[in-house]
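# Working through the structure, step by step
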Amino acid sequence: MKIRKATPSDAEALQELYHNHLTQHPPKEHMEIDLWREKIARFKADPMYYLLVGEVDKRVISSVTLVIIENLTRNLSPYAVIENVVTHSDFRDKGYASVLMEEAAEIAAAFGCYKIMLMTGAKTKSTLRFYEKQGFNSHDKTGFIKWLKKPEGYFSP
């Protein structure tokens with residue numbers, strides 16, 4: 001699998017991946033693809049934002065978002081957040097997401113991050129075990145979420 005930062009030309013593949021394989025309750029709406037391209041271009045230009053994609057035979061089959069956040073504690077060490085871990089259902093259980101997660105962790109380490117945070121809405125044991133195998137635990141911190149604005153058509157628990 002080839003790993004790289006997403007480019008605007010990946011917009012269609014990412015839209016399909018997110019809308020059909022990210023959750024059991026995908027968003028009902030599809031934003032204009034040009035808006036996706038613009039947003040991905042901004043992500044690509046941001047040295048602290050990594051929208052990583054995994055390609056097999058030039059097809060985007062997996063993605064992980066990693067954001068590095070500057071910090072004033074922990075000797076000014078930054079931390080990272082991972083979101084939107086997704087693999088096309090036809091390519092699951094083959095280690096692709098694990099490789100992307102390892103790459104994300106290496107990037108965070110290269111920035112000197114002292115931790116990576118990840119929240120998931122997933123409740124399936126296999127998904128939770130996947131994150132545990134990646135070195136994440138649900139014991140050290142308590143996660144909370146406050147929805148400020150939910151786009152119409154999105155599922156929320």
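Provided above is the structure to which this section pertains.
Fair warning: this is a prediction, and the values are worked out from it, not measured in the lab. (Residues numbered from 1 in each chain as written. Predicted model: local features only at pLDDT ≥ 70, side-chain atom pairs only at ≥ 80, totals over all residues. Heavy atoms only, no water.)

So, about the overall build of the protein chain. Scanning the protein chain from N- to C-terminus turns up 4 helices and 5 strands. Secondary structure of the protein chain in N-to-C order comes out as β-α-α-β-β-β-α-β-α. Against the compact-globule benchmark of 15 Å for 157 residues, the protein chain has a radius of gyration of 16 Å, which places it among compact chains. Expressed as lengths along the three principal axes of its C-alpha atoms, the size of the protein chain is roughly 40 × 35 × 35 Å. Within the protein chain, the fraction of its 157 residues that count as buried is 34%. A sequence separation of at least 24 residues applies to 64% of the contacts in the protein chain between residues at least 6 apart. Summing over all exposed atoms, the protein chain offers an accessible surface of approximately 10,400 Å²; the carbon and sulfur share of this is 53%. Looking at charge distribution, the protein chain has the averaged site of its 22 positive side-chain charges lying 5 Å from that of its 20 negative ones. (Helix = DSSP H or I, 4+ residues; strand = E, 2+ residues; numbered from the N terminus. Rg over C-alpha atoms; globule rule 2.2 N^0.38 Å. Buried < 20%, exposed > 50% of the residue type's maximum accessible area, 1.4 Å probe, protein only. Contact = heavy atoms within 4.5 Å. Areas by Shrake-Rupley, 256 points an atom, 1.4 Å probe, with all protein chains shown as cover. Lys, Arg positive; Asp, Glu negative; His and termini not counted. Charge placed at Lys NZ, Arg CZ, Asp CG, Glu CD.)

A few words on the pattern of salt bridges. One pass over the structure, following the stated rule, counts 4 salt bridges. Here aspartate 10 ties to arginine 4 by a salt bridge, and the two come within 2.7 Å at their closest N and O atoms. The shortest N-O distance in the salt bridge between glutamate 55 and arginine 4 comes to 2.7 Å. Of this pair, glutamate 55 sits in strand 2 (residues 49–56) while arginine 4 sits in strand 1 (residues 2–5), placing them 51 residues apart in sequence. (Salt bridge = Lys/Arg side-chain N within 4 Å of Asp/Glu carboxyl O.)

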